[in-house]
Amino acid sequence: LLLLGDAAMILRDPTRIEFKDEDVQTYEAFRDELRAQKQQRQQQQTKPKPQPLSGAPAPAHHPALVQQLVRLGFSEEIANNALSNTDGDVEQAANLLMDQVGQ
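The structure contained in this document is the topic of the report that follows. Since the structure is predicted, the reported quantities are computational estimates derived from the model, not experimental observations.

Re the pattern of salt bridges
Alright, step 1. Scanning all chains against the criterion turns up 1 salt bridge.
Alright, step 2. Taking the shortest distance from any N to any O, the salt bridge between R31 and D32 comes out at 3.5 Å.
Alright, step 3. Note on R31: relative accessible area 27%, which makes it partly exposed.
Alright, step 4. On the basis of relative accessibility, which here comes to 41%, the residue D32 falls in the partly exposed class.

Side note on the nonpolar core
Alright, step 1. Formed by V66, L69, F74, A79, A82, L83, V90, A93, A94, L96 and L97, the largest nonpolar core amounts to 11 residues.
Alright, step 2. Sorting the residues of this core by element identifies α3 (63-70), α4 (76-85) and α5 (90-102) as the ones contributing at least two each.
Alright, step 3. Considering each element in turn, this core owes the most residues, 5 residues, to α5.

Criteria and cut-off values
- Residues numbered from 1 in each chain as written.
- Predicted model: local features only at pLDDT ≥ 70, side-chain atom pairs only at ≥ 80, totals over all residues.
- Heavy atoms only, no water.
- Salt bridge = Lys/Arg side-chain N within 4 Å of Asp/Glu carboxyl O.
- Buried < 20%, exposed > 50% of the residue type's maximum accessible area, 1.4 Å probe, protein only.
- Core = buried A, V, L, I, M, F, W, Y, C linked by side-chain atoms within 4.5 Å.
- Helix = DSSP H or I, 4+ residues; strand = E, 2+ residues; numbered from the N terminus.

Printed below as a string of structure tokens:
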């Protein structure tokens with residue numbers, strides 16, 4: 001059963017949505033800001049690929065830091081390379097080495 005009001009709604013032209021210039025500019029500014037934030041997040045998530053832990057010699061680090069990793073069972077060369085990959089952070093170096101042992 002079709003009511004008179006329903007028929008009028010079906011027969012009328014579709015509603016147009018109109019935007020003011022300010023609305024478009026606001027939308028474009030918001031869109032550009034979101035794109036910039038997305039690009040920033042992607043750059044932060046893209047970490048430089050670590051150097052191999054063996055092979056080319058890495059710069060020497062403080063002997064005490066190297067010895068901490070050697071006591072965990074790693075060679076001095078690998079300990080030095082791990083420290084180079086983590087900017088001398090012995091905890092991160094140990095995590096890196098342990099992660100690679102687990103693989």
